[in-house]
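Listed here are the chains, written in short residue letters.
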Amino acid sequence: MKNLKKVVFTTILVAILGLNANAQKGSSFGFKGGLNYSANGDYFESIGDNAQNPDRNIGYHIGLFGKIGDQIYFRPELVYTATKSDYNNDAFNVKKIDAPLLVGLKVLGPVSVFGGPSLQYILDTEFEGIDINRVEDEFSVGLNFGIGLNFNKIGIDLRYERGFSNNEATFINNNLGTGITSRIDTRPDQLILSLSIAL
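Bear in mind the structure is a predicted one, so any value in this text is a computation, not a measurement. Numbering of residues starts from 1 in every chain and runs along the sequence as written. Selection of residues for local features in this predicted model requires a pLDDT of at least 70, selection of side-chain atom pairs for listing and counting requires 80 or more, and totals for whole chains, interfaces and linings are taken over all residues. As a rule here, side-chain values cover all heavy atoms of the structure and leave hydrogens and water aside.

Novice: Describe the packing of aromatic side chains, naming the residues involved and giving the relevant values.
Specialist: Working definition: rings of Phe, Tyr and Trp (its six-membered ring) pair if their centres are within 6.5 Å, and the pair is stacked with planes under 30 degrees apart, edge-to-face with planes over 60 apart, and tilted otherwise. Evaluated as defined, the whole model comprises three aromatic pairs. Ring centres 6.4 Å apart and planes at 55 degrees place the aromatic pair Phe29 and Phe31 in the tilted group. Judged by its relative accessible area of 46%, Phe31 falls in the partly exposed class. Ring centres 6.4 Å apart and planes at 50 degrees place the aromatic pair Tyr60 and Tyr80 in the tilted group. Note that Tyr60 is positioned in strand S3 (residues 57-69) and Tyr80 in strand S4 (residues 72-87), a separation of 20 residues in sequence. The classification of residues rests on relative accessible area computed with a 1.4 Å probe and restricted to protein chains. Under 20% of the type maximum is buried, over 50% is exposed, and intermediate values are partly exposed. Tyr80 gets classed as partly exposed once you look at its relative accessible area, which sits at 26%. If you follow Lys67 out to its NZ or CZ, it ends over the ring of Tyr73, 5.0 Å from the centre. Put simply, a charge is over a ring when the Lys NZ or the Arg CZ is close to the ring centre, within 6 Å, and near the line of the ring normal, within 35 degrees. Residue placement shows Arg75 over the ring face of Phe65; its charged tip is 4.2 Å from the ring centre. To qualify as a helix, a DSSP run of H or I must reach at least 4 residues; to qualify as a strand, a run of E must reach at least 2; elements of each kind are numbered from the N terminus.

Novice: I'd love a proper account of the pattern of salt bridges, names of residues and values included.
Specialist: What makes a salt bridge here is a side-chain nitrogen of Lys or Arg within 4 Å of a carboxyl oxygen of Asp or Glu, nothing more. Under the defined criterion, the tally for this structure stands at seven salt bridges. For the salt bridge of Asp70 with Lys106, the shortest nitrogen-to-oxygen distance reads 3.1 Å. Taken as a pair, Asp70 in the loop between S3 and S4 and Lys106 in strand S5 (residues 90-108) lie far apart in primary sequence, 36 residues in all. In this structure, a network of salt bridges that share partners links the residues Lys32, Arg75, Glu77, Asp157 and Arg159.

Novice: Give me the lowdown on the nonpolar core, citing residues and values where you can.
Specialist: As used here, the term nonpolar core means buried Ala, Val, Leu, Ile, Met, Phe, Trp, Tyr and Cys residues forming a set that is joined through side-chain atoms within 4.5 Å. With five residues, the main nonpolar core is built from Tyr87, Phe92, Val94, Ile122 and Phe127. Looking at this core, the elements that each hand over two or more residues are S5 and strand S6 (111-127).

Novice: Can you tell me about the environment of Ala91, naming the residues and giving the values?
Specialist: Among the structural elements, Ala91 can be located in strand S5. According to the relative accessible area criterion, Ala91 is buried, its value standing at 3%. For the pair Ala91 and Glu126, spaced 35 residues apart in sequence, the C-alpha to C-alpha distance is 8.2 Å.

Novice: Which residues make up the confidence of the model for the protein chain, and what are the values?
Specialist: Averaged over the protein chain, the pLDDT score is 77; the fraction of residues at 70 or greater is 62%. Scored from 0 to 100, pLDDT reflects the predictor's confidence in each residue. S3 holds the highest mean pLDDT among the elements of the protein chain, 94, whereas strand S2 (residues 43-44) holds the lowest, 54. In the predicted structure, residues 19-23 sits below a pLDDT of 50 and forms five contacts with residues beyond four places in sequence or in another chain. Contacts were defined at the residue level, with two residues in contact if any of their heavy atoms lie within 4.5 Å.

Novice: Tell me about the pairing of strand S13 (residues 189-198), and name the residues and values.
Specialist: Strand direction decides the pairing type here: strand S1 (residues 28-39) and S13, joined by 10 bridges, are antiparallel. Note that in S13 the partner of Gly34 across the bridge is Ser194. For two strands to be treated as a pair, DSSP must find at least two bridges joining them. Bridge count for strand S10 (residues 154-163) against S13 is nine bridges, and the pairing is antiparallel. When the sheet's bridge partners are listed, Tyr160 is paired in S13 with Leu191.

Novice: Describe the pairing of S4, listing the residues and the values that go with them.
Specialist: Of all 16 residues in S4, 12 are buried, a share of seventy percent or more. Here eight bridges tie S3 to S4, and the two strands are oriented antiparallel to one another. Within S4, the position partnered with Ile68 by the bridge is Phe74. In this antiparallel pair of consecutive strands, S3 and S4, the connection spans two residues. Here 14 bridges tie S4 to S5, and the two strands are oriented antiparallel to one another. Its bridge partner being in S5, Thr83 is matched across the sheet by Val94.

Here's what the structure looks like:
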């Protein structure tokens with residue numbers, strides 16, 4: 001599984017970096033970054049407790065993008081993302097690598113719409129100073145879709161991302177009593193605002 005993850009992300013990186021050598025009309029390569037307004041899934045303090053719904057919080061992302069095509073285009077991205085969800089007075093932090101594989105369509109002037117899967121690899125998780133014992137699957141798949149504006153080399157887009165598969169992080173919280181395991185659904189549910197600059 002680890003070798004598969006390396007192959008997937010290496011392939012995406014090579015595809016992005018290879019865009020300059022294969023440039024078509026409208027094709028580009030560059031940097032992107034922005035803000036994430038996000039929340040993960042529900043938090044359970046034990047098997048029998050009711051779920052706590054998270055409050056959204058601001059995170060950030062920074063990375064690379066490529067674009068192949070013009071009217072209809074393929075846009076792979078490789079992005080480092082840090083998000084935070086609030087559960088009452090506690091916060092759940094996630095650091096991950098995202099690799100959206102988007103297909104877009106220009107609809108009117110500088111306006112385009114896009115969507116596609118997003119491959120996600122969790123690098124680190126923390127719940128208010130407690131390292132998570134286990135994440136069910138560090139590699140997961142989500143969905144991105146949104147709308148973008150492009151003005152020459154500058155682009156702005158707003159997208160929604162949602163994780164597909166149920167993916168829980170578990171940890172032991174000694175404050176709750178011996179042997180009580182807490183868990184959080186790590187699936188992202190977020191709005192992402194990005195600024196991109198083509199080289």
